[in-house]
Amino acid sequence: MPLAAITTTAIGLRCLAPVCQTLGAELCLAESLAADAAALTLSYRSYDSLRDFLTENWQRYDGFIFCLATGAVVRLIAPLLQDKATDPAVVVVDETGEYAISLCGGHQGGADRLAQQVSHCLNAQPVITGAASRLALPGIDLLGQPFGWVKGTGDWTGVSAAIAASGPVQVIQDAGSELWQDHLPASHPFQFGFPEFEDRDTVPKPQARVWISPIQRQFSEASDLPKVQWHPRLLWVGIGCERGSARQLIELAIEQVLQRQHLAMGAISGIATLDLKADEAGLVDLCQARGWPLRCFTPEQLKTLSVPNPSEVVEQAVGTPSVAEAAAIAAASGPLNPPILGDFEADLVYLRDSLRIPKQIIRHPDYPGAVTVAVAQAEQDYTGRRGELLLVGTGPGSLDQITPAAKAAINRADAVIGYRLYVDLARSLLRPGQIVEALPITQERQRAERAVALANWGLTVAVISSGDCGIYGMGGLVLETLKAQGWDGKVPTVQIFPGISALQSAASRVGAPLMHDFCAISLSDLLTPWEIIQQRLTAAAQADFVVALYNPKSKTRTAQIAFAQQVFLQHRQPQTPVALAKSLYREEEEIVLTTLQEMLSHPIDMLTTVIIGNRSSLNYAGWLITPRGYLGFSS
Ligand code: SAH
């Protein structure tokens, strides 16, 4: 999303530099700061008058990050504010970079999220004053955003106020993903569904109501219960039409048919038709204007489907007895988003019951052509979004050892998936409304598959690993899972955020043991045959690599570390220094500097990384040093 970073002082410039570098915000400055920007090697866009610049560019950016006095920002933006549905996010950072204030455009404008991202970048404190944030709830006006739902009519301010007052707020969801319900804080204000008849008198009366449904409800002006409606995109509109049917006629036909059944236009996922119609101008135009995908099927695909209203005339003309009904059913049954799960046809399990409106033929005196419309309802919401996988390394444990980019990635994701311990360590980076799936340590493959499934559906998914995600982490498993599904390398997109791996953390606590050639070997034989691990240990010992041993020992797996010690004793002196680094950068951290000979007399477990020095490594005054070269300078 395009972001602008604005300041009028050299100090502000230094403060915003990391925001430009990490979040990709465009720096906007007066020419008078050109030399300061050049000194920081920052490119920028220049303006003469900040007030005019803001007026001209107010709608061009999704967010503005100011490093200016709050009062000045308020005065600058006051004349530009219109309404919260369209205003951009505005965040203000103080010159010391201690606070990032979500000033306005909090929910829909995304300022709360932006303030959090800026805070992660600058190690600042986010200042968020919206009620949803205090309640650790997603804003009601943001609830369906990850799933691509469309906001319908309603009293959004009234319902938000009822939530802020702790409700209760009744939620009636008859369609769409229920995933959001599983990730609410324990003290949420929602009541799901209507109470059982016998409970009617005891259940507290709701103060607001949220509908989640493809149905378009008309809310009575007379009612004093505030209500809103979200429309999950589930409806596939099958269209058949005469060649040259006007775009207006097709649009009108769809509107008419949906309106008669009280269905919302917002609930439309897309249009389905016959491949012959892929270039039908009115249809293509309409889909582009409305942001609807146009899914086309061959007559062979369509004619196998049983439909309520087949037609012989149609069959003779195009080779299938049904276009609108069959195409609607086919689209509602097919895999979501781009059909990347292998062969489309083979995967299609047609849902005959999905047809919600049988075909209707619509003409209009003002427009040429005739349009046939049928509507089917899919089981899963069409997000209309391109999924993203963010493979994130969270470092050894404490939050100050995680990169700002990794923090921002975790905060930005719709869903966060990882091993429970690491998700817990990263908990303070999470934001309300995120889907957080913490799985036990053994289920790595399931975690990867789950992440890929959510990303295929269109969500932005952060998969977190401790240390670096590409070193015995989830990164490789996710890429392997994508490969197994025939991934094209592009969708879902993949971005990798490196982290400090255990071998670097361990080194930093004991000196400079990795100053010469080194390697890492995992002693876990869960995913690697033990013979291969043995061969690698022998080769590394012979080649005089400094070695970091990951997964050295578990409760049931104790022989491997003893074997490793024996191999190294054959090639190195018994006095070779060895570091045992346990729970690095966590509260329980324990570091032991010992020797190859003695190493097994100290506790070693799954939270330990073992570093074995090479032939020239030495323990000097309690510091483990590997000389930079073999030329003897350091001796
Ligand atoms: N991706 C991780 C490694 C995961 S394999 C990384 O890059 O660091 C798990 C092994 O990593 C553990 O058995 C232990 O050997 C090591 N490890 C991970 N975190 C550690 C920590 N905080 N302290 C010491 N060792 C750690």
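Residues numbered from 1 in each chain as written. Predicted model: local features only at pLDDT ≥ 70, side-chain atom pairs only at ≥ 80, totals over all residues. Heavy atoms only, no water.

Trainee: Which parts of the structure should I look at to understand the overall build of the protein?
Mentor: Summing up its helical and strand segments, the protein has 20 helices and 30 strands in all. The dimensions of the protein, computed from C-alpha atoms along their principal axes, are 95 × 60 × 60 Å. Of all 635 residues assigned to the protein, the portion counted as buried reaches 51%. In the protein, the proportion of contacts linking residues at least 24 apart, taken out of those at least 6 apart, comes to 66%. Accessible surface computed for the protein: about 29,000 Å², of which carbon and sulfur atoms make up 52%. Charge separation in the protein, taken as the distance between the mean sites of 48 positive and 62 negative side-chain charges, equals 2 Å. (Helix = DSSP H or I, 4+ residues; strand = E, 2+ residues; numbered from the N terminus. Buried < 20%, exposed > 50% of the residue type's maximum accessible area, 1.4 Å probe, protein only. Contact = heavy atoms within 4.5 Å. Areas by Shrake-Rupley, 256 points an atom, 1.4 Å probe, with all protein chains shown as cover. Lys, Arg positive; Asp, Glu negative; His and termini not counted. Charge placed at Lys NZ, Arg CZ, Asp CG, Glu CD.)

Trainee: Any chance you could explain the site of the ligand here in plain terms?
Mentor: As a matter of local geometry, the ligand sits amid 19 residues, with I471, S501, M606, T608 and T609 nearest to it. Taking S466, its main chain carries an N or O atom lying 2.9 Å from a nitrogen atom of the ligand. Take T608: an N or O atom from its main chain is 2.7 Å from an oxygen atom of the ligand. Across the complex, the protein chains shield 94% of the 550 Å² of accessible surface that the ligand would expose by itself. Two domains each put at least three residues into the shell around the ligand: domain 4 (388-500) and domain 5 (503-625). (Near = heavy atom within 4 Å. Polar contact = N/O pair within 3.5 Å; in protein donor to acceptor, adjacent residues only side chain to side chain. Domains from an automatic or database assignment.)

Trainee: How should the sheet that holds strand β25 (residues 546-550) be read in this particular structure?
Mentor: Note: strands within a sheet are paired through backbone hydrogen bonds, in either parallel or antiparallel orientation. Spatially, 5 strands are ordered β24-β25-β28-β26-β27 in an open sheet, and the strand pairing comes out mixed. At either margin of the open sheet sits one strand with a lone partner, and together these are β24 (518-522) and β27 (590-595). Geometrically, the sheet is characterised by an average inter-axis angle of 20° between neighbouring strands, direction not taken into account. As paired elements, strand β26 (residues 577-582) and strand β28 (residues 608-612) share 5 bridges and run antiparallel to each other. Of the residues in β28, the one forming a bridge with L580 is V610. Packed on one face of the sheet, helix α18 (residues 502-510) meets β24, β25, β26, β27 and β28 and runs near 65° to β28. Its contacts with the sheet put helix α19 (residues 530-542) on β24 and β25, and the angle it makes with β24 is roughly 160°. (Pairing = 2+ DSSP bridges. Axes fitted to C-alpha atoms, helices over the stretch in contact; angles between N-to-C directions.)

Trainee: Explain the nonpolar core to me, please; I cannot follow it from the model alone.
Mentor: Side chains of a nonpolar character, in soluble globular proteins, are inclined to be buried together. Among the nonpolar cores identified, the biggest contains 40 residues, and I140, W180, F190, L389 and V461 are the most heavily contacted of them. Examining the composition of this core, we find that 6 residues originate from one element, helix α16 (residues 444-457), more than from any other. Once residues lying within four places of it in the same chain are set aside, the contact partners of F190 are L137, I140, I163, V169, V171, W180 and L184. Membership of the second largest hydrophobic core comes to 29 residues, among which are A25, I65, L122 and A124. (Core = buried A, V, L, I, M, F, W, Y, C linked by side-chain atoms within 4.5 Å.)

Trainee: I tried to follow the packing of aromatic side chains on my own but got confused; where do I start?
Mentor: Aromatic ring pairs are defined here through the distance separating the ring centres and the angle between the ring planes. A complete count under the given rule lists 16 aromatic pairs for this structure. Taken together, a centroid distance of 5.0 Å and an interplanar angle of 85° make the contact between Y419 and Y422 edge-to-face. Above the ring of W156, the side-chain terminus of K151 is found at 4.7 Å from the ring centroid. Across from the ring centre of Y585, 4.0 Å away, lies the NZ or CZ of R509, which sits over that ring. (Phe/Tyr/Trp six-rings, centres within 6.5 Å; stacked < 30°, edge-to-face > 60°. Lys NZ or Arg CZ within 6 Å of the ring centre and 35° of its normal.)

Trainee: Which parts of the structure should I look at to understand the domain arrangement of the protein?
Mentor: Frequently, the measure chosen for interface size is the accessible area that the parts lose on association. Looking at the protein, the domain boundaries give domain 1 (3-129), domain 2 (145-231), domain 3 (235-377), domain 4 (388-500) and domain 5 (503-625). Using only C-alpha atoms to locate each centre, domain 2 and domain 4 end up separated by 31 Å. It is P146, L179 and H183 that lose the most area in domain 2 upon contact with domain 4, and together they represent 79% of the buried surface on that side. Counting the contacts that link domain 2 with domain 4 gives 0 salt bridges. Counting across the interface, domain 2 meets domain 4 through 1 residue pair in polar contact (both at pLDDT 80 or more). (Buried area = accessible area lost by both parts, 1.4 Å probe. Salt bridge = Lys/Arg side-chain N within 4 Å of Asp/Glu carboxyl O.)

Trainee: So what exactly am I meant to see when it comes to the packing of α16 against helix α17 (residues 474-484) here?
Mentor: In a packed pair of helices, the relevant descriptors are the angle between the two axes and the axis-to-axis distance. Between α16 and α17, the shortest axis-to-axis distance is 9 Å and the interhelical angle comes to 60°. By the criterion of interaxial angle, the relationship of α16 to α17 is oblique. In this structure, the crossing between α16 and α17 has a hand that is right-handed. The residues of α17 that touch α16, namely those facing E444, R445, R447, A448, E449 and V452, are M474, L477, V478, E480, T481 and L482. Residue composition of the contact of α16 with α17, by class: 6 nonpolar, 1 polar and 5 charged. (Parallel < 35°, antiparallel > 145°, perpendicular 65-115°, else oblique. Left-handed = near helix turned anticlockwise from the far one by under 90°. Nonpolar A, V, L, I, M, F, W, Y, C, P; charged D, E, K, R; others polar.)

Trainee: Help me understand the sheet that holds strand β23 (residues 511-512), please; the structure alone is not making it clear to me.
Mentor: Here we have 3 strands laid out as an open sheet, ordered β23-β30-β29, and mixed in their pairing. This sheet does not close on itself; its edge strands, each paired only once, are β23 and β29 (618-620). Relative to strand β30 (residues 623-625), β29 runs antiparallel, the two being bridged by 3 bridges. Bridge pairing in β30 places L618 opposite I625.

Trainee: Got a minute to help me understand the pairing of strand β9 (residues 169-173) in this structure?
Mentor: In regular strands, side chains alternate between the two faces of the sheet. Across the 5 residues that make up β9, a large majority, 5, are buried. What you see with β9 is no split at all: V169, V171 and Q173 on one side and Q170 and I172 on the other are buried throughout. Judged from the 5 bridges that link them, β9 and strand β11 (residues 208-212) form a sheet pairing that is parallel. By the bridge assignment, Q173 is partnered in β11 with I212.

Trainee: Sorry if this is basic, but what is going on with the confidence of the model for the protein here?
Mentor: For any part of a model where pLDDT is low, the fine detail of the predicted coordinates should not be relied upon. Of the residues in the protein, 95% have a pLDDT of 70 or more, and the chain-wide mean is 90. Low pLDDT (under 50) marks residues 336-350, which in the prediction has 39 contacts with non-local residues, meaning those over four places away or in another chain. (pLDDT = per-residue confidence, 0-100.)

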